Each structure stands twice: as structure tokens, then as C-alpha cells.
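Topology and contacts: notes
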Amino acid sequence: MGSRLVGYGSYLPEHIMTNQDFERLMDTTDEWITSRTGIKTRHFARDDETVVDMATIAAQRALDNAKLTINDIDLIMVATTTPELDFPSVGVQVSGRLGAKNNLPAFDLRGACTGYIYALHCARGFFTAGMHQRIMIIGAEKMTRFIDMSDRSTAVLFGDGAGALIFEHSSSGYSGIIDTVVMADGNEFECLHGTPDHRIAMNGPETYKKAVQCMPDAARYIMKHAGITAENIDWIIPHQANLRIIHSCAAHLAFPMDKILITVDQHANTSGASGVLALAYALDNDIIQHGQLILYPAFGSGLTWGAALIRI
Ligand code: ACO
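Residues numbered from 1 in each chain as written. Predicted model: local features only at pLDDT ≥ 70, side-chain atom pairs only at ≥ 80, totals over all residues. Heavy atoms only, no water.

**Focus: the domain arrangement of the chain**
Short version of the rule: Here the limits of each domain have been adopted from an automatic or database domain assignment. In what follows, a contact means two residues having at least one pair of non-hydrogen atoms within 4.5 Å. Values labelled buried area give the accessible surface lost by two parts on being combined, using a 1.4 Å probe and summing over both. Counted as salt bridges are all cases of a side-chain nitrogen of Lys or Arg within 4 Å of a carboxyl oxygen of Asp or Glu. N or O atoms closer than or at 3.5 Å make up a polar contact, with two conditions inside protein: a donor-capable atom paired with an acceptor-capable one, and, for residues adjacent in sequence, both atoms drawn from side chains. Starting at the N terminus, helices and strands are each numbered in turn, a helix being any DSSP run of H or I of at least four residues and a strand any DSSP run of E of at least two. Note on residue classes: Ala, Val, Leu, Ile, Met, Phe, Trp, Tyr, Cys and Pro are nonpolar, Asp, Glu, Lys and Arg are charged, and everything else, Gly too, is polar.
Per the domain assignment, the segments of the chain are domain 1 (2-170) and domain 2 (176-311). Placing a centre on the C-alpha atoms of domain 1 and another on those of domain 2 gives a separation of 15 Å. Facing 50 residues of domain 1, the contacting portion of domain 2 comprises 50 residues. Around 4,000 Å² of area is buried between domain 1 and domain 2 when both sides are counted, 66% of it from carbon and sulfur atoms. There are 1 salt bridge connecting domain 1 and domain 2. Among the ionic pairs, aspartate 179 bridges to arginine 124, the shortest N-O distance being 3.6 Å. For the pair domain 1 and domain 2, the interface holds 20 residue pairs in polar contact (both at pLDDT 80 or more). Put simply, the parts of the chain that give the side of domain 1 that touches domain 2 at least two residues each are β1 (2-11), α2 (30-37), β3 (41-44), α5 (115-128), β6 (134-142), α6 (152-155) and β7 (160-170). Split into classes, the residues belonging to the side of domain 1 that touches domain 2 amount to 22 nonpolar, 18 polar and 10 charged.

Shown next, in the form of C-alpha cells:
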């Protein structure tokens, strides 16, 4: 038993923040940001725009894309670490905004930048167990809630946005979410975490080292587990944190850069929304075609990491 992708949607806030905008606000340069991260622009939500607002728009777009209504969905999972409210979950707020009438279960999960892989992992398990027919996975973050404009080493790295994917139960095990792996090491908590006063505490070089080790490890694990090699993969969509991390992962896996999807230049790091937004971007722009096999590695605070194998 497996699944298939039946719809997707995304939302990026209207305001685009460029590296030149940062030059005016702090002691930084476009050259430093571009050479260290590959980031050129990112979208910043309005002060009054919430994770729920962004997630709801992405979810409605995914429903429209799938020609479904919210009452056709039987589970919502939201990967987010930046909700405005501690409770209830973003998921139930989205279902309420969309007028769900089917007692739709919904919950959030906090896997930081690996959150959407954790959600795909849960969805695979639920489909395999025959527990759900149609699952909506949303990745939504308002990273600007955590951006401290007095810290140039983290402020330039992040952006806001939301993406949504709808998977449907299928009798084929060769489409949709084919395989997943998730891992975490809480001993490395100090590398990267949020602070109680909503700032980002990050040891950049240490985070970098772990990312370029863990993402290729997860990619290799899943290829071995699924019995495939890099030649079988059409695209890698890595977590979009930093172009140098992505280049290094590609080199570790001996995978050509022209088969690696890059959106970090436009979106920066949107944490739990990153991979979902990137997949939606690739589908919107006809970069990824129906039937292609995607390897989806991610890494983030926790430390958490993992990978998914998806056939579109
Ligand atoms: N503009 C100009 N200078 C800066 C900036 C900036 N925005 N930020 C930091 N610097 C300065 C520092 O103050 C430091 O100056 P100093 O040497 O005088 O003390 C210097 O730049 C550090 O430079 P480098 O050592 O060359 O920086 P590095 O190459 O380590 O790059 C970076 C820093 C980009 C943060 C890198 O460590 C990195 O990419 N780490 C991973 C971080 C990441 O992606 N986190 C996201 C979350 S995790 C995830 O999603 C995978």
C-alpha cells in the first residue's frame, strides 16, 4: 500500500527583502551573503501576517490544484516551529479557516528544518497502516518572528512562506511517498536552537559541518534501503539552507548540480516550509515531470535530519 501526490500549493509573502536592503540595515554586503550562502532575496511576512494565514492560503491552493475541498481530506499535519499561538495547533486553525465540517483531525509537529520530512514519514506510516485516505502536509514558517536584526550572522539567512502537499492512498507502492527515514541527536542541541526571547542561537561553522555530513548520510541510507542508486534519481531537492551546504552534499553524493533543485537564492531558509515550497516551485515551473523520482534530504535544529523518496 502506498500513496500518490494529488495536489500542491504554496504562498510567499508579497514583500521581497534583498541583500541590498540588508546592506542599508546592518554591516553586511551582498557579496558576503551571496558568497557564503547563495541567498539573494527572501520573502518577509507583514507584521500582521501569521503562520496560520500563510498556511491557509497554501492549503486552499493545494485543494484547488487537486480539485478537492477540505472535507475530502482526513488528516492535516503541519510542520512549523514558529506558530503565533502555543495552542491550538496551526493545523486545526487552518481546518477551521477552511470551514472543515468532517471532524478533521489535525496536528502540528516540530522538526525544525526537517519537519516536513518528519511529516512525510508519519504520512507514509499512516498510509501503510491503511489509517487515512487523503493527508494534507503543510510546511509553514514565519522565521522573521525569530530574526534579530542586531545579529548579522543569522538575520540574513531566513525567510517566510508556506507550502502544502496532498497525498492520497494508493494500492501502488511505487508512487507518492515511497520511503522515508528520520533521525535526531539531542546531544547536539547547542548547535542551533531558538531562545526563550525568540532569537536564533547558532554555531554556524558547527551547523555547517553537521549538515554536510548528515544530509548525504540520510540520502545514502534511503537509497540503500530502497535498493536504488543515484542513477535512478531524477532530482534531489535538498533542504534549502545554504548553497555551499548544497554544493558540498552534491559532491559527497557525486550527484550533478544540474539535477539539484535550488530555491535558496530566492526564498532563503524557510525551515519547515523549505522542501514543500521548493517542490511546489518545481511543479509550478514544469521543472519536475510526472513520474520522476525525487530524493528529499533535510537537516535542522535538534539536531534533526532525514530523507524521503517521492515519485511525483
Ligand atoms: N555580513 C558580513 N559579515 C558577516 C555576516 C554578514 N551577514 N555574518 C557574519 N559575518 C562575519 C562574522 O562576524 C565573522 O567575522 P570575524 O571573522 O571578524 O569574527 C565572519 O563573518 C565569519 O566569516 P566566515 O568564517 O567566513 O563565515 P562562514 O564561512 O563560517 O559562514 C555561515 C558563516 C554562512 C553562517 C556558515 O557558517 C554557515 O552556512 N553555517 C550553516 C548555517 C545554516 O545554514 N543555518 C541554517 C539553519 S541549519 C539548516 O537549516 C541546515
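**Examining the pairing of β1**
Short version of the rule: We call a residue buried when its accessible area falls under 20% of the maximum for its residue type, exposed when it is over 50%, and partly exposed in between, using a 1.4 Å probe and counting protein chains only. Should DSSP find at least two bridges between two strands, the strands are regarded as paired.
Burial runs high along β1: 9 of the 10 residues are buried. When β1 meets β7, the two strands line up antiparallel, connected through 9 bridges. Looking across to β7, one finds that serine 3 is bridged to histidine 169.

**Overview of the site of the ligand**
Applied cut-off: If a single non-hydrogen atom of a residue is within 4 Å of a molecule or strand, that residue counts as near it.
Within the structure, the ligand sits among 23 residues, and Thr28, Arg152, His239, Asn242 and Arg244 are positioned closest to it. One nitrogen or oxygen atom from the main chain of arginine 152 is found 3.0 Å from a nitrogen atom belonging to the ligand. For the ligand, an oxygen atom lies 2.8 Å from a polar atom in the side chain of histidine 239. For the shell around the ligand, the elements supplying multiple residues, two or more each, are α2, α6, α7 (204-226) and α8 (243-253). The dominant element in the shell around the ligand, judged by the number of residues it contributes, is α7, at 4 residues. Class assignment for the residues of the shell around the ligand results in 11 nonpolar, 8 polar and 4 charged. Formed jointly, the shell around the ligand draws a minimum of three residues from each of two domains, domain 1 (2-170) and domain 2 (176-311).

**Considerations on the sheet that holds strand β4 (residues 75-79)**
Put simply, the rule is: Only the stretch in contact is used when fitting a helix axis, every axis being a line fitted to C-alpha atoms; angles between N-to-C directions are given from 0 to 180 degrees.
The sheet built from 5 strands is open, its strands ordered β1-β7-β6-β4-β5 with mixed pairing. Here the strands that pair on one side only, and so sit at the sheet edges, are β1 and β5 (106-109). Each adjacent strand pair in this sheet contributes to an overall mean axis angle of 20 degrees, direction not counted. Inspection of the sheet shows β6 paired to β7 by 9 bridges, in the antiparallel sense. Looking at β7, one finds that glutamate 141 is bridged to glycine 161.

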